[in-house]
Amino acid sequence: MSLSDAKRRVSELKAQIFRHNHLYYVLDEPEITDAEYDLLMRELIELEQAYPELVTADSPTQRVGGEVASGFAKVEHEIPMLSLSNAYNPQELREFDRRVRELAGEPVQYVCELKIDGLAVSLRYENGLLVRGATRGDGEVGEDITANIRTIRTVPLQLPEPLNLEVRGEAYMPKRAFLRLNAEREAVGEPLFANPRNAAAGSLRQLNPKIAAQRGLSVFVYALADTDGTRLTRHSECLEWMASLGFPVNANRKVCDTIDEAIAFVEEWAEKRRDLPYATDGMVIKVDSLAAQERLGFTAKSPRWAIAYKYAAEQAETKLLDIVLSVGRTGAVTPTAVFEPVQLAGTTVSRASLHNEDYIRQKDIRVGDTIIVQKAGDIIPEVVRSLHEQRTGEEKPFSMPEVCPQCGEPLVRLPDEAAWRCVNSSCPALIRESLIHFVSRDAMNIEGLGEQWIAQLLDHGLVRNAADLYRLRKDDLLTLDRMGEKLASNLLSSIAASKENSLERLLFGLGIRHVGEKAAKTLARELKDMDALMRSSVEELMQLRDIGPKMAESIVAYFATPAAQQLVVDLRALGVNMTYLGGTWESGGAQTSAFAGRTFVLTGTLSTMDRKLASEWVEKLGGKVTGSVSKQTDVVVAGEKAGSKLTKAEQLRDSGQKPELEIWDEAMFLDALKSAGVAY
Ligand code: IVH
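Residues numbered from 1 in each chain as written. Predicted model: local features only at pLDDT ≥ 70, side-chain atom pairs only at ≥ 80, totals over all residues. Heavy atoms only, no water.

Novice: Explanation requested: the sheet that holds strand β11 (residues 306-310) in the structure shown.
Specialist: In any sheet, the strands associate via hydrogen bonds between backbone groups, in a parallel or an antiparallel arrangement. Overall, mixed pairing links the five strands, which are arranged β2-β11-β10-β3-β9 in an open sheet. Strand pairing shows two members of the sheet lacking a second neighbour, β2 (86-87) and β9 (253-256), which therefore form its edges. Inspection of the sheet shows strand β10 (residues 280-287) paired to β11 by five bridges, in the antiparallel sense. In the sheet register, I285 faces β11, and the bridge partner there is I307. Its contacts with the sheet put helix α9 (residues 235-244) on β3 (110-116), β9 and β10, and the angle it makes with β3 is roughly 50°. (Pairing = 2+ DSSP bridges. Helix = DSSP H or I, 4+ residues; strand = E, 2+ residues; numbered from the N terminus. Contact = heavy atoms within 4.5 Å. Axes fitted to C-alpha atoms, helices over the stretch in contact; angles between N-to-C directions.)

Novice: Would you explain the packing of helix α4 (residues 90-104) against helix α10 (residues 259-272) in this entry?
Specialist: Any two packed helices are characterised by how steeply their axes cross, that is the angle between the axes, and by the distance between the axes. For the pair α4 and α10, the least separation of the axes is 10 Å and the interaxial angle reads 150°. Judged by the sense of rotation from one axis to the other, the crossing of α4 with α10 is right-handed. Every residue of α10 that contacts α4 at P90, L93, R94 and D97 is listed here: I259, D260, I263, V266 and E267. Among the residues forming the contact of α4 with α10, the class breakdown is five nonpolar, no polar and four charged. (Left-handed = near helix turned anticlockwise from the far one by under 90°. Nonpolar A, V, L, I, M, F, W, Y, C, P; charged D, E, K, R; others polar.)

Novice: Looking at this structure, how should I read the sheet that holds strand β23 (residues 635-638)?
Specialist: Pairing is parallel across the open sheet formed by four strands, whose spatial order is β22-β21-β23-β24. On the outer flanks of this sheet lie β22 (624-626) and β24 (662-664), each paired with one strand and no other. Direction aside, neighbouring strands of the sheet carry axes that sit 30° apart on average. Pairing analysis gives three bridges linking β23 to β24, with the strands arranged parallel. Paired with V635 across the bridge in β24 is E662. Sheet contacts for helix α24 (residues 611-620): β21 (599-603) and β22; angle to β21, the most-contacted strand, approximately 165°. Each of β23 and β24 is contacted by helix α26 (residues 666-675), which is oriented at about 100° to β24, the strand it contacts most.

Structure below.
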């Protein structure tokens, strides 16, 4: 093949793969099979290997995460990645200011930036291409996580100019992505992450970049590693320059003339930060002038020209009333602290997970203790510690029972797990939780059949497993408390309607360990029917996109059990559909209509992404972006400090000239993206 033919084919392939990635990852509506996709990808990889000059940084071969690494290579930071000294009150900020002015020998300005709660990363570009992403490690030597960094959609793979530079920033997991990840993990019985920072760190340390790619990570850059050779003289200019190169730079920052102004800004954000879509744990205050920074220099660990003001996580003291145990769908027995209700970061809380036995033992938490609770990353309540000094001797130490609190069968703890599990498949708690999962919205979506009805059906002995739901008759339902004719008919028709669901809902509903919604969809789409799935070996399943060994083994083990085989036979006999119907998943085409065919105007500053990226998403999802508000506009996305465009939009809407014009704030925009399958 001649170079020019190769070039043409490479660009065709790139366009096709880009489109199929979008269909698969964003719209969740692939048009081709995994095997066909792999063929396109393989052809591109082969061409790029034969003609390395055709490899571009934006090639899909560079973004989707290649091989699974066996470990991370070490990388030395030529310029060490330092940490910051901390201040916990305004007084300490004033002392910092005094030291700075003394050493700098002149008045200084400060830049205040939010301290993002994630993990520090360095990104190196050569000739404008991203060549390396690394963790901080001990500051001198970190780990090479380039493959994972490439999967973060807000990290530019290519700069608009062929520059050599290294930027530093914070990789983080947005709150929504964190909550969704934990919900997914809960659904498949995997341990939950305590906060978004741990989740981000865990995701970036995944050896398989495909997993990192699904975690919805993002990044904010906050420093240029080296400003030599640039004309920049202020840190604030560095931030602006980086933003102009396409890096995500957090917009919530301010240049202050005095420390008092900085303190006011710190205080302004103390509460406001809780409404941000990502977790923050403080404000970083940096000397703006680079010359002054140089004069101030560094101590062994941190720069003298910057300090981190740490917001105290809101904590409260309360009394631990009880530790209750719940048995989940996978049999895991989870202890939960029940305490006297307290107000924390705007809500009343009275319960917090204690995770497992080891957690309680390490913290020596006893019923009756006075405990300190806080919201981890301002989202999830946790017990920080118990005040041992306040004990009276009446407190009761906790010990995990040896038998299941629900069925009395012995609990087991697997060697590599922290959880004790009930492995009795007829445990009533397991059955109840499995049924609740089976009927849930993301699984079989049996409307109206809530937890209370399931509990009653079980108590009355009307159901013992999912198949029994399809055997229910009206007379059975009418024996339940508060059940009327009409309700019974409605329930029966939602149960009947669920028989027509596409296979993926049933697969997810069966509650096979490690099989979440996405995997269920892949299995259904690729294998088409239940029989094919039940015949597949571990090796065959692992050929499918996103199906790893753990999941493949779990699926094969599940279908090897007589109970699962019988359940499938029964469900089939009762008329439950066992084939893939394609495109019936909730997150399908319909939801993208928030964007498709509509005209958008973006105005003001968005804190999660720059406007360029926001426009790209709108366009990728089928919308059109224009620069000015008119009667043709359907949606105005108004970020912080939105000005005349927002006013005009409000006028058009409120004067009745265009009453259906929608004005979205950032949260609504992110929600719409999320519904369309884009996680931010
Ligand atoms: S500047 C030499 N700016 O906080 C200056 N750090 O406790 C290095 N962080 O390791 C840091 N947001 O991971 C800086 N706007 C921000 C930051 C920030 C978060 C993290 C960073 C650093 C840690 C220091």
